[in-house]
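Structure at a glance
If you want the building blocks of each chain, they are given just below.
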Amino acid sequence: MSTIDDLPPLREVIRQHALSARKSLGQNFLLDLNLTARIARAAGPLEDAVVIEIGPGPGGLTRALLALGARRVIAIERDERALGALQDISRRYPGRLEIICADAQHFDPRPLLGGARAKIVANLPYNIATALLIDWLSIEPWPPWYDMMVLMFQREVAERIVARENDEAYGRLGVLANWRAETKILFDISPAAFVPQPKVTSSVVRLVPRLAPEPCDRRALEQVAAAAFGQRRKMLRQSLKSLAVDPARLAAAADVDVTRRAETVPVSGFVAMARELTNIRNIKSDTP
């Protein structure tokens, strides 16, 4: 018996369905149902919530979400071997689990939501975790179709997501994430909790979309951050040259000295530089 329902323990589920983790799919199965319940609670309250789960595998987190009251869980799983285990869960929670066999990187869940807002809760496959997060943070128009994300990453990636100016991990991902969302690392999970054991600690991160981020063009923001952090040890007057505009003008718009380095500039500074970059380009395009 498990701690959350009367379905078999996850090790037994994995044995029954021959679910050996595949490195090619970035799979590391979290078998401790107390931990999956802790992740699910971090997205609460779940009553009446619609939850999108990516890569459920044998369904430990899926079970926790349903046991804790999620009205509907849409589980997107690429690995066909896991479908049998998920169907067992669906029978235990009739009408509340929708199983989609698809690659999450190429699947749009919005048609399934009927205009409702959802939560994204997932132990993301390591090999696509950052790419998925960037996709979700780049949604247009904003605010997005989800009202919260509770996601598991390698600790190093989690630190980059929540990093702010003067943090060692601060970079392009931190600029985008903290521009569009409030971010926080909630807790760490030891490698010993997974099968197979990864070589790194994992962290659960909560991201809550800002309804009205500081206005700027997202693509311009990404370009400024890419230029600045692409040569992060150089001063802005050098690193921003790749944008083909005067770096001093961008820095002045952000009220920062052009001799500063990217890691010392707050998110608001990058937003201001992105707005100025857009203004300069608009003027150029309007000039005969």
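Report follows, based on the coordinates. Treat the numbers as computed from the prediction; the structure is a model and nothing was measured.

By the definition in use, this model includes five aromatic pairs. Seen from their ring centres, Trp-142 and Tyr-146 are 6.3 Å apart, and the 85° between their planes marks the pair as edge-to-face. Note on accessibility: Trp-142 and Tyr-146 belong to one class, buried. With a centroid separation of 5.4 Å and an interplanar angle of 85°, the aromatic rings of Trp-145 and Tyr-146 are classed as edge-to-face. Here Trp-145 and Tyr-146 have matching classes, each one buried. An aromatic cluster is defined as three or more aromatic residues linked by ring pairs; in this entry it consists of Trp-142, Trp-145 and Tyr-146. Here Arg-38 stacks its cationic end above the ring of Phe-187, 3.9 Å away from the centre of that ring.

Ordered in space as β4-β3-β2-β5-β6-β9-β7, the seven strands form an open sheet in which the pairing is mixed. Each of the sheet's edge strands pairs with one partner strand only, and the pair in question is β4 (97-101) and β7 (181-189). Within this sheet the neighbouring strands show an average axis-to-axis angle of 20°, counted without direction. Bridging between β7 and strand β9 (residues 202-209) involves eight bridges; their strand directions are antiparallel. The residue of β9 that forms the bridge with Lys-184 is Arg-206. The sheet strands contacting helix α4 (residues 83-92) are β3 (72-77) and β4, and the helix crosses β4 at an angle near 165°. The sheet strands contacting helix α6 (residues 129-137) are β2 (50-54), β5 (118-123), β6 (146-154), β7 and β9, and the helix crosses β6 at an angle near 160°.

Analysis parameters
Residues numbered from 1 in each chain as written. Predicted model: local features only at pLDDT ≥ 70, side-chain atom pairs only at ≥ 80, totals over all residues. Heavy atoms only, no water. Phe/Tyr/Trp six-rings, centres within 6.5 Å; stacked < 30°, edge-to-face > 60°. Buried < 20%, exposed > 50% of the residue type's maximum accessible area, 1.4 Å probe, protein only. Lys NZ or Arg CZ within 6 Å of the ring centre and 35° of its normal. Pairing = 2+ DSSP bridges. Helix = DSSP H or I, 4+ residues; strand = E, 2+ residues; numbered from the N terminus. Axes fitted to C-alpha atoms, helices over the stretch in contact; angles between N-to-C directions. Contact = heavy atoms within 4.5 Å.

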